[in-house]
Amino acid sequence: MPETMHILLVEPETLLRRTVSMTARSLGMSQVHEAASTDVALRMARQRTFHGAVIAVECVGSGAGRRYDLGLIDELRAAESETGRPMPIAILADQATPTLLAELRERRISRVILKPFRAKVLLETIAGFGGQKAA
C-alpha cells in the first residue's frame, strides 16, 4: 500500500481551504493539512514532512512598495536545503505579473494557479506532487 501523501495547503479563505481538503481526502488522494496563515504553516512544517505545498500568496504594501509576500516559500526552501529533500510547491494568486513570475522562478516554483480556479485544477496539482492522476 502506498504511503499517504501529506500536503500543506495555505489559504486564508476558510471555505476554499475546507473544500479542497475534504475533496482530496474523499478521493483518497492525500492528507491535506490546512493552514490559514504563514505562522500556522511554519509551525506545521516544523512538526512534519510534507510531500508538497499549495500556498496562496498575497500582495502586501502599497504604491511602489507593493510586493508579494513570499516569506513562507523562502522558509520552506531553506528548510529543504537542510534536509536535502526538495518539495514541490504550487502558488495560488490573483494575478501573475512578470515580477511575480520572475521571483517564483528564482524560488523553483513552476506551478501558478490563478484565482478563481476550478477545483479540478488544484486537485490535479496535488495529484501531480505524488505522480498520481486526479480522479
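I will try to describe carefully the structure that is included in this document.

What counts, and where the lines are drawn
Residues numbered from 1 in each chain as written. Predicted model: local features only at pLDDT ≥ 70, side-chain atom pairs only at ≥ 80, totals over all residues. Heavy atoms only, no water. Core = buried A, V, L, I, M, F, W, Y, C linked by side-chain atoms within 4.5 Å. Buried < 20%, exposed > 50% of the residue type's maximum accessible area, 1.4 Å probe, protein only. Helix = DSSP H or I, 4+ residues; strand = E, 2+ residues; numbered from the N terminus. Contact = heavy atoms within 4.5 Å.

**Let's talk about the nonpolar core**
Stage number 1. Judged by nonpolar contacts, the single largest core of 22 residues is most densely connected at Leu8, Ile55, Val57, Ile73, Ile89 and Ile91.
Stage number 2. Looking at this core, the elements with two or more residues in it are strand 1 (6–10), helix 2 (38–47), strand 3 (52–56), helix 3 (71–83), strand 6 (89–93) and helix 4 (98–106).
Stage number 3. Setting aside anything within four residues of it in sequence, one finds Ile73 in contact with Ile55, Val57, Ile89, Ile91, Leu104, Arg107 and Ile109.
Stage number 4. Formed by 18 residues, the second largest nonpolar core is a distinct cluster that contains Ile7, Met29, Leu123 and Ala127.

**Points about the environment of Asp94**
Stage number 1. Within the element layout of this structure, Asp94 appears in the loop between strand 6 and helix 4.
Stage number 2. Distance in space between the C-alpha atoms of Asp94 and Val112 is 9.9 Å, their sequence separation being 18 residues.
Stage number 3. Those residues in contact with Asp94 that lie beyond four places of it in its chain are Leu114 and Lys115.

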